[in-house]
Amino acid sequence: MIELDGLTFRYPDGSAVFEGFAWRVAAGEAWAVLGPSGCGKTTLLYLLAGLRPASAGEVRVAGEPILRPRPRTGLILQDFGLLPWATVRDNIALGLRVRGFYGPDGKHAPAGEAVTARREITQTWIERLGLEPIAGSYPGQISGGQRQRTAIARTLALNPDLLLMDEPFAALDAPTREDLQNLTLKLRRERRLTTVIVTHTIEEAALLGEHVLVLGRLPNHTARIVANPGAGDPAFRASAAYVAACARLRQELEAAR
Amino acid sequence: MRRSSVLIAALALGVLWQLAAWVVHRPILPPPLEVVRVFAVEIVGDLGLDFLASLGRVVASMALAVVTAVPAGLALGQMPALNRIFSPVIYILYPIPKVVLVPVILLFLGISDLAKVVIIFLILFFQILVLVRDQAASLRPELVASVRSLGAGRRALFRFVYYPASLPAILTALRQSIGTAVAVLYVAELFATQRGLGYYIYLHGSTLFDYPRMYAGVLAMSLLGLGLYFGVDGLQRRLCPWQFAR
């Protein structure tokens, strides 16, 4: 699904974040990207999303080189991704409206797939994520958890095959965070999504990443990968294997610094 | 601002006016009720036509200012390099009292309506430009990134992000500059016209010495400003409901 080859990314000041970096993600896999702040996690996600161009090397998703945002890739950010002037309902419909705006041109929206049932799709996702009571509210009026539910609904309404998440639950309180982590696991399995979730917390990486990519000191040359086959089930949180996985990731994180 | 508080303020000002009229007791300050009576008669005649002429000029200036200042403000706000070049120019021109340009503009644009519209336009233009630019510059990059990830290119970003984001700034700028615009209208209409509230006030005040009529003109000008204020305010409530949601 994702292929990075010889990827190099430099900031305008010349400092490199990635240099000759290679990484592979197969379709349907659940990945977590773990690392301290400033290690290039978010940059990696923006590169995958086509929001930032690579300085050298190639980023391919589903075999296509990524030069601009790809219609089938969904992106969820930590916060500030919702239109403050649009209601929850209008925010969820936004992606579909953008698709309707361009038509199925293959560039901004998947080719040969006209949006015909915007209202119905929007309504389905409002109900699915329990947002009906606040569908008419603005993002400034609802809680952080509800905002992220709205962001998830907006993204999934576009029926993506790849979901990129940048610290999506970092600003939430613990119960809300667990709640949304479980929801993510469920939706992921249901829709057979390939997911890449960027996080700075070991516990989140251990729970959501069947594979964990550990980033560290700049520039990142090689991908440090930790296999974590137990992940993907909310019950994993209570197991001894989970504690072991966290310890293992902590070690890797230390080694990567 | 609520309508009821405007009414109370108008009554209070009327009482003060009446007291002042009693104290002064000269034709130059007629009592408010007399002015209101003259206003009621005149507004269906000459004064009404002058009111409409002035209203037309202000609205035309507003429209002209919006269609020119908004794209310019959006461009400056989104392109820091462009802003670095133009920002000093704006801040040099912004504080110049536009009234001093009246003779120059009349000289170049002649005695047409266009000259008067351009004078008011200049005042509104800078206000809107600066507010829209700051609004566009303050848009969170995360917001733009996430809407782009939904497939939005330049045109869709304008339609779904930049345009709605700058609406409050446009309307706020209009609301803030209405007072100045109407005040300058008076100066603009002193010259080379037979229509407009400025002309009406000047004619009756300084030429005919008909003070009740002059004050009726002043009252009309105040109502023009107030009406425009509530017009823009209503527009903002309609177009930007999220600003009023609690």
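Just so it is clear, the structure is predicted and the values come from calculations on it, not from any experiment.

About the criteria used
Residues numbered from 1 in each chain as written. Chains lettered and ligands numbered in written order. Predicted model: local features only at pLDDT ≥ 70, side-chain atom pairs only at ≥ 80, totals over all residues. Helix = DSSP H or I, 4+ residues; strand = E, 2+ residues; numbered from the N terminus. Buried ≥ 20, exposed ≤ 12 C-beta atoms within 10 Å, placed from the backbone. Contact = placed C-beta atoms within 7 Å. Nonpolar A, V, L, I, M, F, W, Y, C, P; charged D, E, K, R; others polar. Core = buried A, V, L, I, M, F, W, Y, C linked by C-beta atoms within 7 Å. Domains from an automatic or database assignment. Pairing = 2+ DSSP bridges. Axes fitted to C-alpha atoms, helices over the stretch in contact; angles between N-to-C directions. Expected span 1.5 Å × (residues − 1). Bend = angle between axes of the 7 residues up to and from the residue.

Asker: If you had to explain the overall build of chain B to someone new, which residues and values would you point to?
Answerer: For chain B, the count of helices and strands is ten helices and zero strands. Taken from N to C terminus, the helices and strands of chain B fall in the order α-α-α-α-α-α-α-α-α-α. Across its three principal axes, chain B shows a C-alpha extent of roughly 70 × 50 × 30 Å. When burial is assessed residue by residue, chain B has 36% of its 246 residues classed as buried. In chain B, 75% of the contacts between residues at least 6 apart in sequence involve partners at least 24 apart.

Asker: Tell me about the environment of A:G216, and please be specific about residues and values.
Answerer: Residue and element names in this part refer to chain A. Position of G216 among the secondary structure elements: in the loop between β9 (211-214) and β10 (224-227). We classify G216 as partly exposed; it has 17 C-beta atoms within 10 Å. Separated by 199 residues in sequence, G216 and V17 have C-alpha atoms that sit 9.9 Å apart. Not counting residues within four places of it along the chain, the set of residues in contact with G216 comprises G35, C39, A256 and R257.

Asker: Just give me the short version of the interface of chain A and chain B, but keep the residues and values in it.
Answerer: Between chain A and chain B, the contact holds 21 residues from the first and 18 residues from the second. Its residues assigned to classes, the side of chain A that touches chain B shows 16 nonpolar, four polar and one charged.

Asker: Describe the nonpolar core, with residues and values.
Answerer: By size, the foremost hydrophobic cluster in this structure holds 129 residues, and its most contacted members are A:L48, B:I120, B:I128 and B:V132. The dominant element in this core, judged by the number of residues it contributes, is helix α8 (residues 154-188) of chain B, at 17 residues. Ignoring any residue separated from it by four or fewer positions in sequence, one finds B:I120 in contact with B:R57, B:V58, B:S61, B:A181, B:V184, B:L185 and B:A188.

Asker: Go over the domain arrangement of chain B, please, and point to the residues and values.
Answerer: We note that the domain assignment places domain 1 (1-28) and domain 2 (31-241) within chain B. Just the C-alpha atoms count here: the centres of domain 1 of chain B and domain 2 of chain B sit 27 Å apart.

Asker: Give a description of the domain arrangement of chain A that names residues and reports values.
Answerer: All names here are of chain A. For chain A, the domain assignment lists domain 1 (1-72 + 163-171 + 182-257) and domain 2 (82-159). Taking only C-alpha atoms, the centre of domain 1 and the centre of domain 2 are 25 Å apart. Taken together, the contacts link seven residues of domain 1 with seven residues of domain 2. Each residue belonging to the side of domain 1 that touches domain 2 can be placed in one class, and the counts come to six nonpolar, no polar and one charged.

Asker: Please provide a residue-by-residue account of the sheet that holds strand β7 (residues 162-166) of chain A, values included.
Answerer: Residues and elements named next belong to chain A. Pairing is mixed in the open sheet, where six strands are placed in the order β6-β7-β8-β3-β9-β10. What marks the edges here is a single partner per strand, and that holds for β6 (73-76) and β10. Going across the sheet, the axis of each strand differs from the next one's by a mean of 20°, ignoring polarity. Pairing of β7 with strand β8 (residues 194-199), which is carried by five bridges, proceeds in the parallel orientation. Among the inter-strand pairings, M165 is bridged to a residue of β8, identified as I197.

Asker: How would you sum up the environment of A:E254? Please name residues and give values.
Answerer: Residues and elements named next belong to chain A. Examined against the element boundaries, E254 turns out to sit in helix α7 (residues 240-256). Given 10 C-beta atoms within a 10 Å radius, E254 is considered exposed. The sequence separation of E254 and G216 amounts to 38 residues, and the corresponding C-alpha distance is 8.6 Å.

Asker: Residues and numbers for the sheet that holds strand β4 (residues 56-61) of chain A, please.
Answerer: All names here are of chain A. Read from one edge to the other, the open sheet built from four strands follows the order β2-β1-β4-β5, with strand pairing classed as antiparallel. Where the open sheet ends on each side, the last strands, each with one partner, are β2 (16-25) and β5 (64-65). Pairing geometry for strand β1 (residues 2-10) and β4, over five bridges, is antiparallel. In the strand pairing of β4, D5 is matched with E58.

Asker: Explain the environment of B:L19 to me, and be specific about the residues and the numbers.
Answerer: All names here are of chain B. Tracing the backbone through its elements, the reader meets L19 in helix α1 (residues 3-24). L19 sits in the exposed class, given 11 other C-beta atoms within 10 Å. Note: C-alpha distance between L19 and P32 (13 residues apart in sequence) is 9.8 Å.

Asker: Can you tell me about the pairing of β6(A), naming the residues and giving the values?
Answerer: Residues and elements named next belong to chain A. Here β6 shows two buried faces, one formed by T73 and L75 and the other by G74 and I76. Relative to β7, β6 is paired through four bridges, and the arrangement is parallel. Among the inter-strand pairings, I76 is bridged to a residue of β7, identified as M165.

Asker: For helix α4 (residues 80-93) of chain B, give the residues involved together with the corresponding values.
Answerer: Residues and elements named next belong to chain B. Helix length check: α4, at 14 residues, gives a terminal C-alpha distance of 20 Å against a target of 20 Å (1.5 Å per residue), a fit within 8%. At F86, α4 is bent by approximately 40°, the largest bend along its length, and proline P88 sits one to four residues beyond. Little of α4 is tucked away, with zero of its 14 residues classed as buried.

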